[in-house]
Amino acid sequence: MLALAALTLVVGCAPQALAQPQERGGQNGQRLKGPGPHRGEWLRKNQNLPPAEQEKALQNDPAFKQLPPEKQQQLLNRLRNFNSLPPEQRQRILDRMETFEHLPQGQRQQLRNLYGQMQTLPQDRRIAVRQAARRLSGMDPAERERVLNSPHFQQRFSPQEQDLVRGLAQFEPAQR
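One structure accompanies this document, and this report is about it. (Residues numbered from 1 in each chain as written. Predicted model: local features only at pLDDT ≥ 70, side-chain atom pairs only at ≥ 80, totals over all residues. Heavy atoms only, no water.)

So, on to the packing of aromatic side chains. Under the counting rule described, the total for this entry stands at one aromatic pair. On the basis of an interplanar angle of 45° and a centroid distance of 4.9 Å, the ring pair of F153 and F157 is categorised as tilted. For the pair F153 and F157, a shared accessibility class is recorded, and that class is buried. The ring centre of F100 lies 5.9 Å from the NZ or CZ of R108, which sits over that ring. (Phe/Tyr/Trp six-rings, centres within 6.5 Å; stacked < 30°, edge-to-face > 60°. Buried < 20%, exposed > 50% of the residue type's maximum accessible area, 1.4 Å probe, protein only. Lys NZ or Arg CZ within 6 Å of the ring centre and 35° of its normal.)

And the structure:
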C-alpha cells in the first residue's frame with residue numbers, strides 16, 4: 001500500500017505526457033477502463049524494458065525534463081522502488097492505479113484519507129490491515145460482513161484499524 005501511495009503520487013505529479021493515450025486493449029492483453037490517458041500508463045508501456053532503459057526513457061521525456069531537478073529525482077527513485085517489487089505486486093499497483101483513476105472525485109478523496117490514516121499506523125499494523133482488506137475484497141458481501149463482525153476480527157484489529165479495513169476493502173481490486 002505504501003508503494004501504491006508513492007506510485008500514485010508519481011503518476012499524479014508526473015506530467016500527462018508520461019501517461020500516453022491508450023487503446024482500449026491495453027498492454028499485454030490488459031483491458032483498461034475507458035479512453036486514455038491512464039494513470040500508470042507510462043509504467044505499463046515501459047514495464048518490459050530493463051530498469052536502466054526505463055530510466056533513460058524517462059530522462060529523455062520532454063515533460064520530465066521540464067520538472068525541477070528534485071522532482072525528477074523523486075520520480076527516478078520511485079521508479080527504482082517500483083522495479084524492486086515482485087511482478088505480482090507491480091501488477092497489483094498498476095491495477096489499483098487504474099481503479100483509482102475511474103473513481104468519482106468523492107471516492108478518490110475518501111481513499112486518499114484512508115491512505116493518510118494508514119500512514120499513522122506502525123508498519124506491522126499497516127501490513128495486517130492491507131492483507132485483511134485484500135482478503136476481504138475477494139469475498140461476496142455476506143461473507144465479508146460475517147468476517148468483519150466476527151469476534152476474531154474485532155479482537156485482532158483496533159476500532160481504527162477495523163474502519164480502515166472496511167474502507168480499503170471496498171476499493172481493493174478483487175484478487176485474481
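For the rest of this paragraph, the subject is the nonpolar core. Note that soluble globular proteins tend to have their nonpolar side chains buried in a common cluster. Membership of the largest hydrophobic core comes to 21 residues, with the highest contact counts inside it found for L111, V129, F157, V165 and L168. Beyond its immediate sequence surroundings of up to four residues, V165 is in contact with V129, A132, A133, L136, L148, F153 and F157. Listed in part, the 13 residues of the second largest apolar core include L43, L58, L67 and F82. (Core = buried A, V, L, I, M, F, W, Y, C linked by side-chain atoms within 4.5 Å. Contact = heavy atoms within 4.5 Å.)

In total, this model carries four salt bridges according to the counting rule given. Between E55 and R80 there is a salt bridge, and its shortest N-O distance comes to 2.9 Å. A residue pair is termed long-range when its members are at least 10 positions apart, and E55 in helix α3 (residues 51-60) and R80 in helix α5 (residues 69-83) qualify at 25 residues. For E55, a relative accessible area of 16% puts it in the buried group. Judged by relative accessible area, R80 falls into the partly exposed class, the value being 38%. Put simply, R166 and E145 hold a salt bridge, and the shortest N to O gap is 3.7 Å. (Salt bridge = Lys/Arg side-chain N within 4 Å of Asp/Glu carboxyl O. Helix = DSSP H or I, 4+ residues; strand = E, 2+ residues; numbered from the N terminus.)

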